[in-house]
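Close look at the chain arrangement
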Amino acid sequence: VIAPNYGFATAPTSFAGEAMIRAPEWTGNLGANYVIPTSAGTVTLAGNYYYTSEIPMMPANELSQDSYGLLSLSAQWRSASDKWSVTAFGNNVTDEEYLIFSAAGFLGNNRIWGPPASWGVQAEFRF
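Presented here is a report on the structure given in the accompanying data block. As the structure is a computational prediction, the values presented were derived from the model and not from experiment. (Residues numbered from 1 in each chain as written. Predicted model: local features only at pLDDT ≥ 70, side-chain atom pairs only at ≥ 80, totals over all residues. Heavy atoms only, no water.)

Now for the nonpolar core. Core analysis: the largest hydrophobic core is formed by nine residues, namely I55, M57, M58, L63, Y68, L70, Y98, L99 and A104. Among the secondary structure elements, those contributing two or more residues to this core are β5 (68-79) and β7 (99-105). For I55, the contacting residues outside a window of four places in its chain are R22, A23, P24, S64, Q65 and Y68. (Core = buried A, V, L, I, M, F, W, Y, C linked by side-chain atoms within 4.5 Å. Buried < 20%, exposed > 50% of the residue type's maximum accessible area, 1.4 Å probe, protein only. Helix = DSSP H or I, 4+ residues; strand = E, 2+ residues; numbered from the N terminus. Contact = heavy atoms within 4.5 Å.)

This part covers the packing of aromatic side chains. Here the structure, examined in full by the defined rule, presents five aromatic pairs. Through pairs of rings, three or more aromatic residues link up here, namely Y50, Y68 and Y98. (Phe/Tyr/Trp six-rings, centres within 6.5 Å; stacked < 30°, edge-to-face > 60°.)

Our next topic: the sheet that holds β5. If you walk across this open sheet you meet the five strands as β1-β2-β5-β6-β9, and the pairing is antiparallel. If you trace the sheet from one side to the other, it starts and ends with β1 (27-38) and β9 (118-125), each paired once. Ignoring strand direction, the axes of neighbouring strands in this sheet form an average angle of 10 degrees. (Pairing = 2+ DSSP bridges. Axes fitted to C-alpha atoms, helices over the stretch in contact; angles between N-to-C directions.)

This is the structure we're talking about:
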């Protein structure tokens, strides 16, 4: 008899034929940039969309993360001299709630959630 590794098995168990944990069947990523040259510098608009199918979090699929998508956007201005830039960005702009990790522990399931929507502005000076 072994200690409960996943909160469900108390003896050696075969998970043959089950999906591998934390391994979705498929994922996809699509990104695009659009560059607009101007007399004051360059403006770049960018977007990225990541999608994943359902993710089994435990053997025998006792817990799984439903499929989800994450959208990130940014807009950047870079000076004509290429010394200055300002970027506004947003990650997970649709505020998708998703698990990035889960495992059974002594006191129950431990879960780590992905970061919520975040926004920011970055300024850069090159010398």
